[in-house]
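Reading the structure
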Amino acid sequence: MKIRYQTAPKQICDSLAASWWYRVVYESVLYQAFFLAIRKPLSPDFDVDPELFQLQGESQHLEPFATVLERQPLILGLPLSLYYLMIAVIKTPQLPEGQRQAQLLELRAELALWETLTNDDKPNADVHSKFQANAVALFVLATSLLLDQMCEQCLLASSPAELTTTSHTRWQVFAALRLLHRPDVSEMWKRCYLGAWPILVVGYSAREEEHISSIRSMLRQMVERTGYGEFQRILEELEGLWASKR
């Protein structure tokens, strides 16, 4: 499906920000595009329509809608700008070698700002707000983890299509697993489709058997509770990866 943003009448674009129905439909299309763009972070096979990035503010008609998606996403589950950042990280290995390192440094600086949000516990917030903050933090950690791996590959001049191996567990793995197992949100993650991508990325870097067992157990529970095929696909992919490292 291809959406023509520039030609959309202003009254329709304005209604998108005000109407729940339009928001659900529109965000559903956006989510599907983003989902396909990030679901295979090491070998992406779907590219988001460049016109979609006009939602970041280049289109005056859609600016109110983009603001709503940034602050109060219904279907996306995350701020719009975080999705753009994730896609930018995933697409970095496709850049010419001369541009790649500069892009990695720029993305690392941007992610450093996002990482400051991962320590905000919001102790007085309601359960929904806590889970939303937890989701943002989890995706930031996974994106940070993926970017660090790419930066390391760039420095070692290795293939950007493969993960490098390290002798230690990266700090993002510890932090992400702590978030997933927080008592106040753990059960919600087991019933939520949103956890698929960050768990996949964290699973790529899990080295200790304790962490692997934890991720395996959570994915199995996610499959049981949701029946979501993407969780099963991720579990099978990670099992193959873990087996190859033994």
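Structure first, text after, so check above.
All residue numbers refer to position in the chain's written sequence, counted from 1. The predicted origin of the model limits local features to residues at a pLDDT of at least 70 and limits the giving and counting of side-chain atom pairs to 80 or more, whereas totals for whole chains, interfaces and linings rest on all residues. Excluding hydrogens and water, the side-chain values take into account all heavy atoms of the structure.

1. Focus: the overall build of the protein
- Going along the chain from the N terminus, every DSSP run of H or I of four or more residues is numbered as a helix, and every run of E of two or more is numbered as a strand. Each helix and strand counted, the protein has eleven helices and zero strands in total.
- Reading the protein from its N terminus to its C terminus gives the helix and strand order α-α-α-α-α-α-α-α-α-α-α.
- When each of the 246 residues of the protein is scored for burial, the buried share is 46%.
- Any two residues whose heavy atoms approach within 4.5 Å are treated as being in contact. When contacts within the protein are restricted to residue pairs at least 6 apart in sequence, long-range pairs at least 24 apart make up 72% of them.
- To measure how exposed things are, a 1.4 Å probe is used in the Shrake-Rupley method; for residues, cover is taken only from the protein chains shown. About 12400 Å² of surface is accessible on the protein, with carbon and sulfur atoms providing 55% of the total. For the exposure calls, accessible area comes from a 1.4 Å probe over protein chains only, and a residue counts as buried if that area is under 20% of its type's maximum, exposed if over 50%, partly exposed in between.

2. Comments concerning the pattern of salt bridges
- Here a salt bridge means any side-chain nitrogen of Lys or Arg lying within 4 Å of a carboxyl oxygen belonging to Asp or Glu. This model, assessed by the stated rule, comprises twelve salt bridges.
- For Arg108, the salt bridge goes to Glu115, with nearest N and O atoms at 2.8 Å.
- The closest approach of N and O atoms between Arg191 and Glu187, which form a salt bridge, is 3.1 Å.
- The structure contains a network of salt bridges with shared partners spanning Arg39, Glu230, Arg233 and Glu237.

3. Remarks on helix α4 (residues 80-91)
- Expected span of a helix: the number of residues minus one, times 1.5 Å. In this model α4 runs 17 Å from its N-terminal to its C-terminal C-alpha over twelve residues, within 8% of the 16 Å that 1.5 Å per residue would give.
- Residues Leu80, Leu82, Tyr83, Tyr84, Leu85, Met86, Ile87, Val89 and Ile90 constitute the buried set of α4.

4. So, the side chain of Asn134
- Checked against the element boundaries, Asn134 lands in helix α6 (residues 127-156).
- Whenever a nitrogen or oxygen atom comes within 3.5 Å of another N or O atom, the pair is scored as a polar contact, on the condition that within protein one atom can donate a hydrogen and the other can accept it, and that pairs from neighbouring residues in sequence are kept only if both atoms are in side chains. Within the structure, Asn134 has its side chain in polar contact with the side chain of Trp189 (distance 2.6 Å).
- Those residues in contact with Asn134 that lie beyond four places of it in its chain are Leu179, Arg182, Val185 and Trp189.

5. Side note on the packing of helix α9 (residues 196-205) against helix α10 (residues 209-226)
- The axes used here are C-alpha line fits, helices contributing only the stretch in contact, and every angle between their N-to-C directions lies in the interval 0 to 180 degrees. Two elements in contact, α9 and α10, have axes separated by 11 Å at closest approach and are oriented at 155°. In this view, α9 runs roughly antiparallel relative to α10, as classed from their interaxial angle. Between α9 and α10 the crossing geometry is left-handed. Judged by residue contacts, Ile199, Val202 and Gly203 of α9 engage Ile215, Met218, Leu219 and Met222 from α10.
- When residues are sorted by character, Ala, Val, Leu, Ile, Met, Phe, Trp, Tyr, Cys and Pro go into the nonpolar class, Asp, Glu, Lys and Arg into the charged class, and all the rest, Gly among them, into the polar class. Among the residues making up the contact of α9 with α10, the classes are represented as six nonpolar, one polar and no charged. Any angle that falls under 35 degrees is termed roughly parallel, while one over 145 is termed roughly antiparallel, one within 65 to 115 roughly perpendicular, and all others oblique. For any pair of crossing helices, the crossing counts as left-handed if the nearer helix is rotated counterclockwise from the farther one by less than a right angle, and right-handed if it is rotated clockwise.

6. Digging into the packing of aromatic side chains
- Under the pairing criterion, centres of Phe, Tyr and Trp rings, with the six-membered ring standing for Trp, must be within 6.5 Å; the plane angle then separates stacked pairs below 30 degrees from edge-to-face pairs above 60, leaving the rest tilted. Evaluated as defined, the whole model comprises seven aromatic pairs.
- Both rings, one in Phe34 and one in Tyr84, keep their centres 5.9 Å apart while their planes meet at 85°; by these two values the pair is edge-to-face. Separated by 50 residues along the polypeptide, Phe34 in helix α2 (residues 20-38) and Tyr84 in helix α4 bring together distant segments of the chain. Across this residue pair, the class does not change: Phe34 and Tyr84 are buried.
- Among the aromatic residues, those joined into a cluster by ring pairs are Tyr31, Phe35 and Tyr193.

7. Overview of the nonpolar core
- One finds Phe34, Leu82, Trp189, Trp197, Ile215 and Leu219 to be the most contacted residues of the largest nonpolar core, which totals 65 residues.
- Every element with two or more residues in this core is listed here: α2, α4, α5 (97-115), α6, α7 (171-180), α9, α10 and α11 (229-245).
- Sorting elements by how many residues they give to this core places α6 first, with 14 residues.
- Reported domain spans reflect what an automatic or database domain assignment gives. Domain assignment of the residues forming this core places at least three in each of domain 1 (15-55 + 62-119) and domain 2 (169-245).
- Apart from the residues lying within four places of it in its own chain, the contact partners of Trp189 are Phe131, Asn134, Ala135, Leu138, Leu179, Leu180, Leu194, Gly195 and Met222. Nine residue types can take part in a nonpolar core, namely buried Ala, Val, Leu, Ile, Met, Phe, Trp, Tyr and Cys, and a core is a set of them joined through side-chain atoms within 4.5 Å.

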